[in-house]
Amino acid sequence: EADIYQTPRYLVIGTGKKITLECSQTMGHDKMYWYQQDPGMELHLIHYSYGVNSTEKGDLSSESTVSRIRTEHFPLTLESARPSHTSQYLCASRSGTSYEQYFGPGTRLTVT
Amino acid sequence: DQQVKQNSPSLSVQEGRISILNCDYTNSMFDYFLWYKKYPAEGPTFLISISSIKDKNEDGRFTVFLNKSAKHLSLHIVPSQPGDSAVYFCAATEMTDKLIFGTGTRLQVFP
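Since the structure is predicted, the reported quantities are computational estimates derived from the model, not experimental observations.

Trainee: Account for the interface of chain A and chain B, with residues named and values stated.
Mentor: Between chain A and chain B, the contact holds 23 residues from the first and 22 residues from the second. The interface formed by chain A and chain B includes three salt bridges. Across the chain A-chain B interface, the total number found is 10 residue pairs in polar contact (both at pLDDT 80 or more). Contributions of two or more residues to the side of chain A that touches chain B are made by β4 (31-37), β5 (44-49) and β9 (87-94) of chain A. Considering every element that reaches the side of chain A that touches chain B, the biggest residue donor is β4(A), with four residues. The residue makeup of the side of chain A that touches chain B, split by class, is 12 nonpolar, five polar and six charged.

Spelled out as structure tokens, the structure:
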């Protein structure tokens, strides 16, 4: 059973606010990922990490930033939220021995 | 350019019958494929995968078929159950750290 958590589950926030989306996993996985998904669309990789102090940009350009100070924690930050950031954000992790990624429940972000 | 395509946005199947979800890909370097299931307001859940060295993988009611020459894979669910109603995503990788996802197919299983 995969244990990966995201908070908050839902967030409605005004333009210009700084937000941090939290993601934590208890499986000891080195590799972690952030995806963005809009309804009816594919999941787009926006950030990933190979381990502590490793962060890489994904295939979809994003104004967000990430950090990986601890293995279990991979937060995503938007310094100044805009309506174009409205989307669902999904965090995932995987071990080094399998290609299956385990996903958290997601954060539905709405910027007004 | 979308490398993984799920051309059917939705599928409706009667309970007890077979559900067949299709996925096409364009990148011949993909060598591992996965299917995920997603309920509303939840994250995707891994269902089943297949390596390019196989053409079939079975797990209970779920079977994935891979046709490399056609760059096509399909997920069969037999028998379909109402709890199978969800969005199904196909994903592929070149055995790297990245998965490339399709746009999903919404399956509805009705009584």
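Trainee: Which residues make up the nonpolar core, and what values do they have?
Mentor: Residues B:Phe33, B:Trp35, B:Leu73, B:Leu75 and B:Tyr88 are the most contacted members of the largest nonpolar core, which totals 23 residues. Looking at this core, the elements with two or more residues in it are β3 (19-25), β4 (32-38), β5 (45-51), β7 (62-67), β8 (72-77), β9 (86-93) and β11 (105-110) of chain B. The element that contributes the greatest number of residues to this core is β9(B), accounting for four residues. In this structure, B:Tyr88 is in contact with B:Gln6, B:Leu21, B:Trp35, B:Tyr36, B:Lys37, B:Leu47, B:Leu75, B:Ile77, B:Gly104, B:Thr105 and B:Leu107, ignoring residues within four places of it in sequence. Judged by nonpolar contacts, the second largest core, of 18 residues, contains A:Cys23, A:Ile46, A:Leu76 and A:Val111.

Reading the values: rules and limits
- Residues numbered from 1 in each chain as written.
- Chains lettered and ligands numbered in written order.
- Predicted model: local features only at pLDDT ≥ 70, side-chain atom pairs only at ≥ 80, totals over all residues.
- Heavy atoms only, no water.
- Contact = heavy atoms within 4.5 Å.
- Salt bridge = Lys/Arg side-chain N within 4 Å of Asp/Glu carboxyl O.
- Polar contact = N/O pair within 3.5 Å; in protein donor to acceptor, adjacent residues only side chain to side chain.
- Helix = DSSP H or I, 4+ residues; strand = E, 2+ residues; numbered from the N terminus.
- Nonpolar A, V, L, I, M, F, W, Y, C, P; charged D, E, K, R; others polar.
- Core = buried A, V, L, I, M, F, W, Y, C linked by side-chain atoms within 4.5 Å.
- Buried < 20%, exposed > 50% of the residue type's maximum accessible area, 1.4 Å probe, protein only.

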